[in-house]
Amino acid sequence: MSWFTLETLSAAIGKSKVDGSTARTVARICRADLIVIDDIGLLPVGEDAAEAFYRIIDAAYERRGLTLTGCVRETR
């Protein structure tokens, strides 16, 4: 199992972009039978977090189990 918050996933993919190892990082994450991405929607996300999220979903789609959890901020 691989467990990330959206923030830590973004950081991991961001680090891999620096040294050109993004494909290896995504492959390593997707070796797990279950990938959990937590705290979606808790904080606003930037382009890097959205890209990291897309890369993992795209790579794991129909190949690995995905669990996505999130929060909806209460607005008043």
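Keep in mind it's a predicted model, so treat the numbers as computed, not measured.

(A) Structural context of unusual backbone geometry. Its identity as a non-glycine residue notwithstanding, aspartate 39 has a phi of 65°, on the positive side. Along the chain, the position of aspartate 39 falls in strand S2 (residues 34-40). Residue aspartate 39 is classed as partly exposed on the basis of its relative accessible area of 27%. The phi angle at glutamate 62 is positive, at roughly 60°, despite the residue not being glycine. Within the secondary structure layout, glutamate 62 lies in the loop between helix H3 (47-60) and strand S3 (65-70).

(B) Representation of the sheet that holds S2. Strand order across the open sheet formed by three strands is S1-S2-S3, with parallel pairing between neighbours. Two strands in the sheet have a free side with no partner beyond their single neighbour: strand S1 (2-5) and S3. Between one strand axis and the next, the sheet turns through 15° on average, direction left out of account. When S2 meets S3, the two strands line up parallel, connected through five bridges. Opposite leucine 34, over in S3, you have glycine 65 as the bridge partner. Each of S1 and S2 is contacted by helix H1 (residues 6-19), which is oriented at about 100° to S1, the strand it contacts most.

(C) Region of the structure containing the packing of H1 against helix H2 (residues 22-29). Packing of H1 against H2 brings their axes to within 8 Å, and their N-to-C directions diverge by 145°. From H1, Leu9, Ala12, Ile13, Ser16 and Lys17 reach across to H2, where they touch Thr22, Thr25, Val26 and Ile29. The residue makeup of the contact of H1 with H2, split by class, is five nonpolar, three polar and one charged.

(D) Fine view of the pairing of S2. For S1 and S2, the ladder comprises four bridges, and the chain directions are parallel. Paired with tryptophan 3 across the two strands is valine 36, which belongs to S2. Regarding topology, H3 serves as the crossover connection from S2 to the parallel S3, and that connection is right-handed.

Reading the values: the criteria
- Residues numbered from 1 in each chain as written.
- Predicted model: local features only at pLDDT ≥ 70, side-chain atom pairs only at ≥ 80, totals over all residues.
- Heavy atoms only, no water.
- Helix = DSSP H or I, 4+ residues; strand = E, 2+ residues; numbered from the N terminus.
- Buried < 20%, exposed > 50% of the residue type's maximum accessible area, 1.4 Å probe, protein only.
- Pairing = 2+ DSSP bridges.
- Axes fitted to C-alpha atoms, helices over the stretch in contact; angles between N-to-C directions.
- Contact = heavy atoms within 4.5 Å.
- Nonpolar A, V, L, I, M, F, W, Y, C, P; charged D, E, K, R; others polar.
- Right-handed = clockwise from strand over helix to strand, strands pointing away.

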